[in-house]
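Listed here are the chains, written in short residue letters.
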Amino acid sequence: MSSSRETLAASAQHAILVRGSRFLADAAPIADAGEAMRWLASRHLADATHNAWAWRCGESYRSSDDGEPGGSAGRPILAAIDGQRLDQVVVRVARWFGGTKLGVGGLVRAYGGCAAGCLHAAPRRTLRTLCRVRIEADAGALAQLRGRLPRFEATAAAQDAATIGLRVLVPEEQVQPLREWLQSVTRGRGRCIAD
């Protein structure tokens, strides 16, 4: 996935009514699969007939129909996430049966539509790809760098005791400006190496 991915900036909720059945979607940003599963456990609605869900985190994803016909609930929710090009997102759609069967096509439209409506209305933020780099320079340049880390939106990951160096996490688009700054400060003697 590209570095211009988006996720949700905050949780969101959306409800629809389809032929007597009530559907309620909840969506939230997540960092990983474990967080998605914990969020889903905390959002399970015991009085709902079904709690279908899906999540995506990078190349990892999962979905569940929670007793609905195979592929009629979880996959449409995942399709709503992917259709809006979102990442690091979890969605749960609860259904309270209203007495009228919707058929597989109706379920696909209801679950997918409810999830899509929830995600469409949710505030978003851009996800940034972080790179781990190793900086090798003299002690004076490293001290200057520590003070300049916020300028590059970077954080120190670890001090390298074996050499005079520092490991930092920096947004992908800030790696080149960091390299240029380091070259300028060290007069070409410092190195910025992908770690």
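Worth saying up front: this structure is predicted, and the values here are computed from it rather than measured.

Calculation criteria
Residues numbered from 1 in each chain as written. Predicted model: local features only at pLDDT ≥ 70, side-chain atom pairs only at ≥ 80, totals over all residues. Heavy atoms only, no water. Core = buried A, V, L, I, M, F, W, Y, C linked by side-chain atoms within 4.5 Å. Buried < 20%, exposed > 50% of the residue type's maximum accessible area, 1.4 Å probe, protein only. Helix = DSSP H or I, 4+ residues; strand = E, 2+ residues; numbered from the N terminus. Contact = heavy atoms within 4.5 Å. Phe/Tyr/Trp six-rings, centres within 6.5 Å; stacked < 30°, edge-to-face > 60°. Salt bridge = Lys/Arg side-chain N within 4 Å of Asp/Glu carboxyl O. Arc of directions from axis to C-beta. Polar contact = N/O pair within 3.5 Å; in protein donor to acceptor, adjacent residues only side chain to side chain.

As for the nonpolar core
Part 1 of the argument: Of all hydrophobic cores here, the largest spans 25 residues; its most connected members are Ile77, Val91, Val93, Tyr111 and Leu119.
Part 2 of the argument: Elements supplying a minimum of two residues to this core: strand E3 (21-29), strand E4 (50-57), helix H2 (74-83), strand E6 (89-96) and helix H3 (103-121).
Part 3 of the argument: In terms of residues, this core owes the most to one element, H3, which gives 7 residues.
Part 4 of the argument: Ignoring any residue separated from it by four or fewer positions in sequence, one finds Tyr111 in contact with Phe23, His50, Ala52, Glu68, Ser72, Ala73, Ile77, Val93 and Arg95.
Part 5 of the argument: Ranked by size, the runner-up nonpolar core spans 17 residues in total, among them Ile135, Leu142, Leu149 and Trp181.

Some words on the packing of aromatic side chains
Part 1 of the argument: All chains considered together, the criterion is met by 2 aromatic pairs.
Part 2 of the argument: Geometrically, the ring pair formed by Phe23 and Tyr111 is edge-to-face, given 5.1 Å between the ring centres and 85° between the ring planes. With Phe23 in strand E3 and Tyr111 in helix H3, this residue pair connects regions lying 88 residues apart in the sequence. Each member of the pair, Phe23 together with Tyr111, is buried.

Quick word on the pattern of salt bridges
Part 1 of the argument: Enumeration over the complete set of coordinates arrives at 7 salt bridges.
Part 2 of the argument: Residue Arg92 pairs with Asp26 through a salt bridge whose shortest N-O separation is 2.4 Å. Of the two residues, Arg92 is situated in strand E6 and Asp26 in strand E3; the sequence distance between them amounts to 66 residues. We note that Arg92, like Asp26, is buried.
Part 3 of the argument: Here the residues in one salt-bridge network are Arg134, Glu136 and Arg191, joined through shared partners.

Comments concerning helix H4 (residues 139-148)
Because the α-helix completes a turn every 3.6 residues, residues three or four places apart line up on one side.
Part 1 of the argument: Inspection of H4 places Ala141, Leu142 and Leu145 among the buried residues, and these make up the whole buried set. The buried side chains of H4 occupy one side of the element, clustering within an arc of 100° when seen end-on. The exposed residues of H4 that point more than 90 degrees off its buried face are Ala139, Ala143 and Gly147.
Part 2 of the argument: At the N-terminal boundary of H4, the capping side chain belongs to Asp138, with an oxygen 3.0 Å from the backbone nitrogen of Gly140.

Concerning the side chain of Asp26
Part 1 of the argument: On the basis of relative accessibility, which here comes to 9%, the residue Asp26 falls in the buried class.
Part 2 of the argument: At a separation of 2.7 Å, a polar atom in the side chain of Asp26 contacts the side chain of Gln13.
Part 3 of the argument: A distance of 2.4 Å separates a polar atom in the side chain of Asp26 from a polar atom in the side chain of Arg92.
Part 4 of the argument: Residues within four places of Asp26 in sequence aside, it is in contact with Ala12, Gln13, Trp39, Val90, Val91, Arg92 and Cys118.

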